[in-house]
Amino acid sequence: MAQYSAQLDGVFIALADPTRRAVLRRLGHGPTSVGDLAREFPMTLPSFMKHVRTLESNGLIRTIKSGRVRTCVLNRERLALVDDWLAEQRRIWTERTDRLEQFVTDPKENRQ
């Protein structure tokens, strides 16, 4: 469970930045070279590469180098980690609100 938590923390850290989220959105349309991705952002290539490395080190993308061109590919399976966590949170909060609703509407609970 601790490793799962560390992985999830890394993914959320990577997703916390709007530039990295925009990169993921763009890669959702298909693989793209780092150069093409970088052109969409008002920053230097070394600064942009820090974002790419963060996404890659947290498993959200992978890069493939062919000659001088590095292509980024979205790792959709890694996003399932966030989806699983969110589903668990939804389940927990749904159960809690269901219990609260039952408590508020059950006449036996309201007697004193």
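Right above here is the structure, for reference.
Treat the numbers as computed from the prediction; the structure is a model and nothing was measured.

Draft legend 1. The overall build of the protein, seen in detail. A count of helical and extended segments in the protein gives six helices and three strands. When the 112 residues of the protein are sorted by exposure, 30% land in the buried category. Pairs at least 24 apart in sequence give 50% of the contacts found in the protein among residues at least 6 apart. In the form shown here, the protein has an accessible surface area of approximately 8000 Å², with 54% of it arising from carbon and sulfur atoms.

Draft legend 2. Focus on the pairing of strand β3 (residues 69-74). As paired strands, strand β1 (residues 32-33) and β3 are joined by two bridges and run antiparallel to one another. Across the sheet, Thr32 pairs through a bridge with Cys72, a residue of β3. Across six bridges, strand β2 (residues 61-66) lies against β3 in antiparallel orientation. Bridge pairing in β3 links Ile61 to Leu74.

Draft legend 3. Structural context of the pattern of salt bridges. If you walk through the whole model with that rule in mind, you get three salt bridges. Arg26 is the salt-bridge partner of Glu40, the closest N and O atoms lying 3.6 Å from each other. Of this pair, Glu40 sits in the loop between α3 (34-39) and α4 (45-57) while Arg26 sits in helix α2 (residues 18-27), and the two are 14 residues apart along the sequence. Of the residues examined, Glu40 reaches a relative accessible area of 46% and is grouped as partly exposed. The partner of Glu88 in a salt bridge is Arg91, with the nearest N and O atoms 2.5 Å apart. Of the two residues, Glu88 and Arg91 are both situated in helix α5 (residues 76-105); the distance of three residues between them amounts to about one turn of the helix.

Draft legend 4. Spotlight on the packing of α2 against α4. Direction vectors running N to C along α2 and α4 enclose 70°, while the axes themselves pass 10 Å from each other. In terms of orientation, α2 and α4 fall into the roughly perpendicular class. The handedness of the crossing between α2 and α4 is right-handed. Of the residues in α4, those touching α2 at Thr19, Arg20, Val23 and Leu24 are Phe48, His51, Thr54 and Leu55. Grouping the constituent residues of the contact of α2 with α4 by class yields four nonpolar, three polar and one charged.

Draft legend 5. The sheet that holds β2, seen in detail. Read from one edge to the other, the open sheet built from three strands follows the order β1-β3-β2, with strand pairing classed as antiparallel. Whereas interior strands pair on both sides, the edge strands pair on one side only; in this sheet they are β1 and β2. This element, α2, spans β1, β2 and β3 of the sheet and lies at about 85° to β3. Lying over the sheet, α4 contacts β2 and β3, oriented at roughly 115° with respect to β2.

Draft legend 6. Here's a closer look at α4. The first and last C-alpha atoms of α4 sit 18 Å apart over 13 residues, in line with the 18 Å expected at 1.5 Å per residue. Those residues of α4 not exposed but buried are Phe48, Met49, His51, Val52 and Leu55. Along α4, the residues classed as buried sweep out an arc of 155° about the axis, all on the same side. Away from its buried face, by an angle of more than 90 degrees, α4 presents the exposed residues Pro46, Lys50 and Ser57.

Conventions used here
Note that residues are indexed from 1 along each chain, following the sequence as it is written. It should be noted that, the model being predicted, local features are given only for residues of pLDDT at least 70 and side-chain atom pairs only at 80 or more, the latter also being counted only at that level, while totals for whole chains, interfaces and linings use all residues. With hydrogens and water excluded, all non-hydrogen atoms of the structure serve as input to the side-chain values. In DSSP terms, a helix is any run of H or I states spanning at least four residues, a strand is any run of E spanning at least two, and both are numbered starting from the N terminus. The cut-offs for exposure are 20% and 50% of the maximum accessible area for each residue type, with area from a 1.4 Å probe on protein chains only; residues under the lower value are buried, those over the upper are exposed, and the others partly exposed. Any two residues having at least one pair of non-hydrogen atoms within 4.5 Å are treated as being in contact. Values of accessible area rely on a 1.4 Å probe in the Shrake-Rupley scheme; residue burial ignores everything except the protein chains shown. For two strands to be treated as a pair, DSSP must find no fewer than two bridges joining them. Within this document, salt bridges are pairs made up of a side-chain nitrogen of Lys or Arg and a carboxyl oxygen of Asp or Glu, the two lying within 4 Å of each other. Only the contacting stretch of a helix is used when fitting its axis, a line to C-alpha atoms as for every element, and angles between N-to-C directions run 0 to 180 degrees. Each angle receives one of four descriptions, namely roughly parallel if under 35 degrees, roughly antiparallel if over 145, roughly perpendicular if within 65 to 115, and oblique otherwise. Crossings are sorted by hand: turned counterclockwise from the far helix by less than a right angle, the near helix makes the crossing left-handed, and turned clockwise it makes it right-handed. Polar here means any residue outside two lists: the nonpolar Ala, Val, Leu, Ile, Met, Phe, Trp, Tyr, Cys and Pro, and the charged Asp, Glu, Lys and Arg; Gly therefore counts as polar. For a helix, the expected span equals 1.5 Å multiplied by the number of residues minus one. When we speak of the arc, we mean the arc of directions from the helix axis to the C-beta atoms.

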